[in-house]
Amino acid sequence: MAETSAGILLYRRQPRLEVLLGHMGGPFWRGKDASAWSIPKGTFTDETPLAAARREFAEEVGRPAPDVEYRELGTFRYSSGKVVHVFAGESDFDASEIRSNLFELEWPPRSGRRQSFPELDAAGWFTPDEALDRLVKGQRPALAALERLIAG
């Protein structure tokens, strides 16, 4: 069965449309920019997609998701089969100080040594054009869905 995730794509319009993305943490992503950013999201099994998206946002960013109206952008399937439910909310969230939860990884590989790394090591606001190359490929269709939602 495909892994299922949910996430929140925050946006603001000051003076132009921007979206909030997080840079994935850990040694694999260090120093990378293209396809190294993500919508704050994570896996879930026994909760509603929006509840999971709000929980994952808090875990990955270190603060609760803003108390705003969230609208479903859609469900997007990665080439790996993973499914991501994405919700959009308008907020001028302060992304300057994130405190992501940590994950553990054997690093360097085959060293027997385990290290902790943040799931997200940075966050920032980007125009859709700037975000397009930064986002992992499976999440890029969410940008187009957001633009349709705002225009609609």
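Residues numbered from 1 in each chain as written. Predicted model: local features only at pLDDT ≥ 70, side-chain atom pairs only at ≥ 80, totals over all residues. Heavy atoms only, no water.

Take S38: it is sitting in strand β3 (residues 37–38). Side chain to side chain, S38 and Q139 meet in a polar contact 3.0 Å long. Among residues more than four places away in sequence, those in contact with S38 are L21, G22, M24, L135 and Q139. (Helix = DSSP H or I, 4+ residues; strand = E, 2+ residues; numbered from the N terminus. Polar contact = N/O pair within 3.5 Å; in protein donor to acceptor, adjacent residues only side chain to side chain. Contact = heavy atoms within 4.5 Å.)

What follows deals with the pairing of strand β2 (residues 17–24). Where burial is concerned, most of β2 is hidden: 8 out of the 8 residues are buried. Bridging between strand β1 (residues 4–13) and β2 involves 3 bridges; their strand directions are antiparallel. The partner of R13 across the bridge, within β2, is L17. Between β1 and the antiparallel strand that follows it, β2, lie 3 residues. (Buried < 20%, exposed > 50% of the residue type's maximum accessible area, 1.4 Å probe, protein only. Pairing = 2+ DSSP bridges.)

With that out of the way, let us pick up a negative patch on the surface. A contiguous patch of negative charge, built from D129, E130, D133 and E147, is present on the exposed surface. With 3 residues, the single largest contributor to the negative patch is helix α2 (residues 128–134). As for its placement among the helices and strands, D133 is situated in helix α2. On the accessibility criterion, D133 (53% relative accessible area) is exposed. (Patch = residues over 30% accessible without salt bridge, like charges linked within 9 Å, V, L, I, M, F, W, Y side chains within 5 Å. Areas by Shrake-Rupley, 256 points an atom, 1.4 Å probe, with all protein chains shown as cover. Salt bridge = Lys/Arg side-chain N within 4 Å of Asp/Glu carboxyl O. Lys, Arg positive; Asp, Glu negative; His and termini not counted. Charge placed at Lys NZ, Arg CZ, Asp CG, Glu CD.)

This brings us to the layout of surface pockets. Taken as a whole, the largest pocket holds about 270 Å³ of empty space. Lining of the largest pocket is provided by 14 residues; of these, M24, W29, S38, K41 and E119 occupy positions nearest its centre. The class makeup of the residues in the lining of the largest pocket is 6 nonpolar, 3 polar and 5 charged. (1 Å grid on protein atoms, 1.4 Å probe; cavity = no way out; pocket = protein on both sides within 12 Å on 5 of 7 lines; lining within 4 Å. Points joined across faces, edges and corners; volume = space filled by probe spheres on them. Nonpolar A, V, L, I, M, F, W, Y, C, P; charged D, E, K, R; others polar.)

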